Amino acid sequence: MPTLEGHLDDLNSLLPAPLSPEDMNQVLDRVKGEWKHFDPATRRFKIELNDTNRPDLWSVEGIARQLRGGIPLPGRPYSFLDRAAKRERGTAPDISVDPGLSRVRPFLGGFRATGGTLGEEGLAGLIGTQERLSELFGRKRADLAIGVYPLKGRKEISFPLSFRLLDPDTTRFVPLGEDAPRSLREVVATHPKGIAYGPLISSHSSWPVLADAQGEILSLPPVINSQTSGAVVPDDRDLFVEATGNDPQRILLALNILAANLSDRGFHVEPLLSKGEGWDLLAPASPGLSVFVPAGLPARVLGAKTDPLDFIEVLLGFGYPAISRKGEGASEAGFEVLQPFYRDDLLGAVDVVEDYLVARGFASFAPVMPRAFTAGSPAPKIKVENRIRTAFLAMGFTELLSNILTGEPAVTTRLGRSGDFLVRIDNPASLHYAVVRPTLLSGLLAAESRSARHPYPHRLFEVGEAMELSPLPSGDRGLKDLHLAAALVSHPQAGISELQGVLEALLARFDQRLVLEPADLPPYIPGRCGVLRGPRGERIAAVGEIHPATLDLWGIRMPTAAFEIDVGALLAEEGHGDSPHSGGDP
Amino acid sequence: MSQPLHPVERALLRPFLTREDPGSFLSSDDLGPMSGLSPAQVQMGLEMVKSRGLIEERLDREETLLRPTDQGIAALDEGLPEEIIMEALAAGPRPMSDLRGLFPDPSVASKAMGALKDAGSLKVEGGQAVRAGDLPPGVLLLKKLLKMSAEAPVVLESLPKEEQELLSQYQRRRGKEKGLIRLDVRSFRSYRLSPEAGLTPSDLESGGELLGNVTPEMLQSRSWEGGTFRPFSVGADAPPPLQGHLHPYREFLEEVRGHLVRLGFAEMTGSLVEPEFWNMDALFIPQTHPARNIHDIYLISEPRLATDSHEWPMEAVARTHEGREAPLPTRGWRQGFDPEQAKRLLMRSQGTALSSRTLSKKPSVPGKYFAIARCFRHDQVDATHAVDFFQAEGIVLEEDASFVTLLGLLALLAREIAGVDQVHYKPAYFPFTEPSVELHAHHPELGWMELGGAGLFRPEVTRPLGVEVPVIAWGMGIDRMAMFRLGLSDIRDLFTGDLSVLSGMIRAEERSWAHTSPPADLPR
């Protein structure tokens, strides 16, 4: 979730009436933001933004705009929308895009913003917005990257521009902040930005370069700008902004947001036309997209009566530029709602209705208690678990809960077992949590190894989920969910017979009998381990004394015995066995 | 004497009453031979007569015994950490990381290096540790004391003043139970008859036969008739019973489960591993969403893909993601849908996966379903992030489910599950619900906290799964509530294997039981 930093005075300068820190938490509900931090000395704040689908709110300007209800500041109208509407698409482009780019970085759009000033706060904000849009909305520049240039910096940018493919070895330019020209390939290999974003283009034989009418290289999108025009400074009055990527709609949205932000700061925005083979893009411009909201939907979603005029009025005050009623009285009656040009998050009618509810304020609705009667019930599996848990409790055992992800050695070498049927994590965050536990024994032994100071005797158990791989008829291996229970006793006289008695008593709770046959199964002492087998010879439970060599591996210095039982197999539970995925059963 | 004395009490009191000066003190060591009782009987007898106020106790002196800890005994064999480091540096400077590598626990190395640096025995130059002197005298002394105390207990007070001082400094640094040497305080006490009790030698007379334990024979023969039962010291310490405990966190979850079942929710369960389809796609989370990044989910190595995808409504979900008209007008995510990605298997990252499965299986209307599901988070594990955790969540299918019934349900859940009345609803964003809301609740001790998220499932979620009625979805973070109840500040302790931490949780749960009063009846 994006976090926005800013200055309260800067935010207030973009609002009709200043807000105090105390107002913020409530006011920010309208932008799904949380007031996270405010330093009264510096008046700087942090806001956490929860709406990942509204990049227009990821800036001080955007938040202020939503709080103003989408209305431009006095004297700073969004007149660039009219200029864009009037621009003739057939005219020569301001930026031409080479057809070969369709395989590398297909689209580019841009605009000029002149006659304003950013100041320190505005510049920091612009850079932050650019970063958030490129990183989060543009998925680390893969889908979208933004470049901002001083129009009259070290060298004035001359139009029209061209976006084309050049050879990475023979093409040379001075990357931003350096003084000597280097080849594109060198820049990507050595510059921090090149190392970070170069992989987006480096697999191609020629690379995207934006150049001006003089042939001066402006940038290597989406990696880095050149030193030709230099970096933007707080005093710059004229800017050029471009965005590249795979999706023209995404590019248009990003440029619309940046244009609105700069317009709010007093810049005059001039849309530019880019053209490639079979496409053109004029930005910023209103896409003119609208959403149809069926007449009954607002009341149906809210669960209370709504007034059509109120619906229109509230949304107009929330930034929607136009709403028209359609087919009044007819079955397909409803509202045609025009999407604000700086937004592209309306997927359907419910999104508009949510805005209506947010604008009215959630606190204004009276909650209604659900009335329909339904019968509740715990899952069958949980009923079994609770029967096991109370049986253990009655026998004086204490319950443990362990992590389901664990380290591989804990369930293999430290139990003397193989890892052949382990379910492994492909991308573990830590080797301590790299496999799904196939047994609960390791959790009990780990507890024992940490608890030597706790007064003996120790009588522990755990009931829970585990997994292993199981061979499929196809020869592949599938996932198998396990439902296990395990117990451990540790004290000077701990032995197999004590636990055999416990296991017998536990089975009796499910009207089952214990018939043990001797087995040789680690981590138990050979000759002191017994297993219970199911009708097909499968192992359902094993009980035994833990081998001293195993105790040694766990650092346990007390005689210890344990058992584990496959509850799922014992009770032939539903969803148990080879069908890998069983959901809730309605 | 109001109550006759127990034979052990009589034996213990006899030495006092038969002395020339009945008011003088006797030590517990003297009392053994004088009374003819075993040391355990002396202890028991003293407790009995003390609790009856028959004698007074005086603390004579205390001495502190030095004993090596397990670590101390190991250090005698392997050398003290400081020694090991100084030995390793004998051949010349070495990088700090090397030295840390000498110990299984790097913090042991850091502590020892710190101590050596403070004592001037070691210098650090450019990341390299260099020997700058001999082992500090403190370490040598510690070693000597360790050896002595391993052979026979050493009394701290019998050591020279400087050595006592050095040792207590060391103990302050290391804490009471840690380090190589443990200090145990032993007290010596004396006793005398309490003047107020007014005991006289005649109280030692048994005064006829008193009845002891009630036995089957006694009941059979009715021999108790007409006799007097010897009174037992009812207030004396009793041995604790051996008891088992259910895990307090699991019990907390059971409580939540109980509330939800009572509110009419039926429980859903499922596999720990889900395909992205049910965990993400069916919930209309775009395939490029950051939460689907490999840094946020745990993927399974083998098998990598689910094999039962032919049973899923893949086509309907794909059309919805891509915004291809049917089954409903949605713009979709305007990007291609990859069915192979949908089959990718991962450790369930949200319990909502169970809800999407349930929706696809012709659920009842009206219907309420819930899950308390183990979920997995790809995160650095620390005090606030656990690798797996429980999520409580549920869905409500109802012909007239709406935003206001959602708000009502949330108020009900806050009250029933968290025991809070004061709630606040905040607009929120989740890809699968619209409208979405965050539930904030005012906890009497924690202040305002986020209790959960909820909303009405988007039609993009319900329609492809074949559900035509509105569906309320809610989820609650229950870890934090549980941690508060169980007195924990580290989330990892919820799954601890350390039995003393577990005992602490059990105690905290017992204390909190006494402080929580059940919520009042709901208003109609």
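Residues numbered from 1 in each chain as written. Chains lettered and ligands numbered in written order. Predicted model: local features only at pLDDT ≥ 70, side-chain atom pairs only at ≥ 80, totals over all residues.

Considerations on the overall build of chain B
- On a plain count of helices and strands, chain B comes out with 19 helices and 18 strands.
- Taking the principal axes of its C-alpha atoms as reference, chain B extends roughly 110 × 85 × 40 Å.
- The long-range fraction of contacts in chain B, counting pairs at least 24 apart against all pairs at least 6 apart in sequence, stands at 68%. (Helix = DSSP H or I, 4+ residues; strand = E, 2+ residues; numbered from the N terminus. Contact = placed C-beta atoms within 7 Å.)

Here we look at the domain arrangement of chain A
Residues and elements named next belong to chain A.
- Partitioning chain A into structural domains gives domain 1 (1-71), domain 2 (76-283), domain 3 (290-362) and domain 4 (380-570).
- The gap between the C-alpha centroids of domain 1 and domain 2 is 27 Å.
- Listed by partner, the interface residues are 13 residues for domain 1 and twelve residues for domain 2.
- When contributions to the side of domain 1 that touches domain 2 are tallied by element, the ones reaching two or more residues are β1 (3-7) and α3 (60-67).
- In terms of residue count, α3 provides more of the side of domain 1 that touches domain 2 than any other element does, four residues in total.
- Partitioning the side of domain 1 that touches domain 2 into residue classes produces five nonpolar, four polar and four charged. (Domains from an automatic or database assignment. Nonpolar A, V, L, I, M, F, W, Y, C, P; charged D, E, K, R; others polar.)

Overview of the confidence of the model for chain A
- Looking at chain A as a whole, the pLDDT averages 93, with 98% of positions reaching at least 70.
- In this model, residues 576-586 of chain A is a region of pLDDT below 50 whose contacts with residues beyond four sequence positions or in other chains number 38 contacts. (pLDDT = per-residue confidence, 0-100.)

Considering the sheet that holds strand β13 (residues 367-376) of chain B
- Ordered in space as β10-β13-β14-β18-β17-β16-β15 (chain B), the seven strands form an open sheet in which the pairing is mixed. At either end of the open sheet lies a strand with only one pairing partner, and these are β10 (266-267) and β15 (423-427) of chain B.
- Pairing of β10(B) with β13(B) involves two bridges; the strand directions are parallel. Looking at the pairing, Glu267(B) lines up with Phe370(B) of β13(B).
- In the packing of helix α11 (residues 349-360) of chain A onto the sheet, the strands contacted are β15 and β16 (433-443) of chain B, and the crossing angle to β16(B) comes to about 35°. (Pairing = 2+ DSSP bridges. Axes fitted to C-alpha atoms, helices over the stretch in contact; angles between N-to-C directions.)

Some details on the sheet that holds strand β5 (residues 128-131) of chain B
Residue and element names in this part refer to chain B.
- The strand order across the open sheet built from three strands is β3-β5-β4, with neighbouring strands paired in antiparallel fashion. Strands at the two margins of the open sheet, each flanked by one partner only, are β3 (94-95) and β4 (122-125).
- Examined bridge by bridge, β3 and β5 share two bridges and lie antiparallel to one another. Its bridge partner being in β5, Pro95 is matched across the sheet by Gln128.

Things to note about helix α5 (residues 81-88) of chain B
Residue and element names in this part refer to chain B.
- For α5, every residue scored as buried is listed here: Pro81, Glu82, Ile85 and Met86. The buried residues of α5 occupy an angular sector of 130° when projected down its axis, which confines them to one face.
- Turning to α5, the residues buried within the fold contact α6 (96-100), α7 (106-118), β5 and α8 (137-151). (Buried ≥ 20, exposed ≤ 12 C-beta atoms within 10 Å, placed from the backbone. Arc of directions from axis to C-beta.)

Section: the UniProt feature "domain: B5" (unreviewed entry) in chain A
- Here the UniProt-annotated "domain: B5" (unreviewed entry) positions come out as residues 286-367 of chain A.
- End C-alpha atoms of residues 286-367 of chain A are separated by 38 Å, and the span's content is 33% helix alongside 17% strand. (UniProt positions renumbered as here; feature names shortened; annotations may be inferred.)

Section: the packing of helix α1 (residues 7-17) of chain B against helix α3 (residues 39-51) of chain B
Residue and element names in this part refer to chain B.
- Between α1 and α3, the least distance of the axes is 9 Å, while the angle of their chain directions is 95°. As judged from the angle between their axes, α1 and α3 are roughly perpendicular. Mapping the contact onto sequence places Val8, Glu9, Leu12 and Leu13 in α1 and Gln41, Val42, Met44, Gly45, Leu46, Met48 and Val49 in α3. (Parallel < 35°, antiparallel > 145°, perpendicular 65-115°, else oblique.)

A few points about the pairing of β4(B)
All names here are of chain B.
- With four bridges joining them, β4 and β5 adopt antiparallel strand pairing. Counterpart to Leu122 in the pairing with β5 is Arg131.
- Where β4 folds back onto β5 in an antiparallel hairpin, the turn is made up of two residues, including Gly126, whose phi is positive at roughly 55°.

Quick notes on the interface of chain B and chain A
- With 87 residues of chain B at the contact, the number on the chain A side is 84 residues.
- The dominant element in the side of chain B that touches chain A, judged by the number of residues it contributes, is helix α16 (residues 403-418) of chain B, at eight residues.
- Among the residues making up the side of chain B that touches chain A, the classes are represented as 44 nonpolar, 22 polar and 21 charged.

Some details on unusual backbone geometry
- With an omega dihedral of 0°, the bond running from Phe159(A) to Pro160(A) counts as a cis peptide bond.
- For the bond running from Glu302(B) to Pro303(B), omega is -10°, close enough to zero to count as cis.
- Relative to the assigned elements, Pro303(B) resides in the loop between α12 (276-279) and α13 (314-322).
- Unusually for a residue other than glycine, Arg43(A) sits at a positive phi of about 60°.
- Examined against the element boundaries, Arg43(A) turns out to sit in the loop between β2 (33-39) and β3 (44-49).
- Judged by the 15 C-beta atoms lying within 10 Å of it, Arg43(A) is partly exposed.

Details of the domain arrangement of chain B
- Assigned domains within chain B: domain 1 (7-65 + 188-229), domain 2 (73-178) and domain 3 (250-271 + 349-515).
- Each of domain 1 of chain B and domain 2 of chain B was reduced to a C-alpha centroid, and the two centroids are 50 Å apart.

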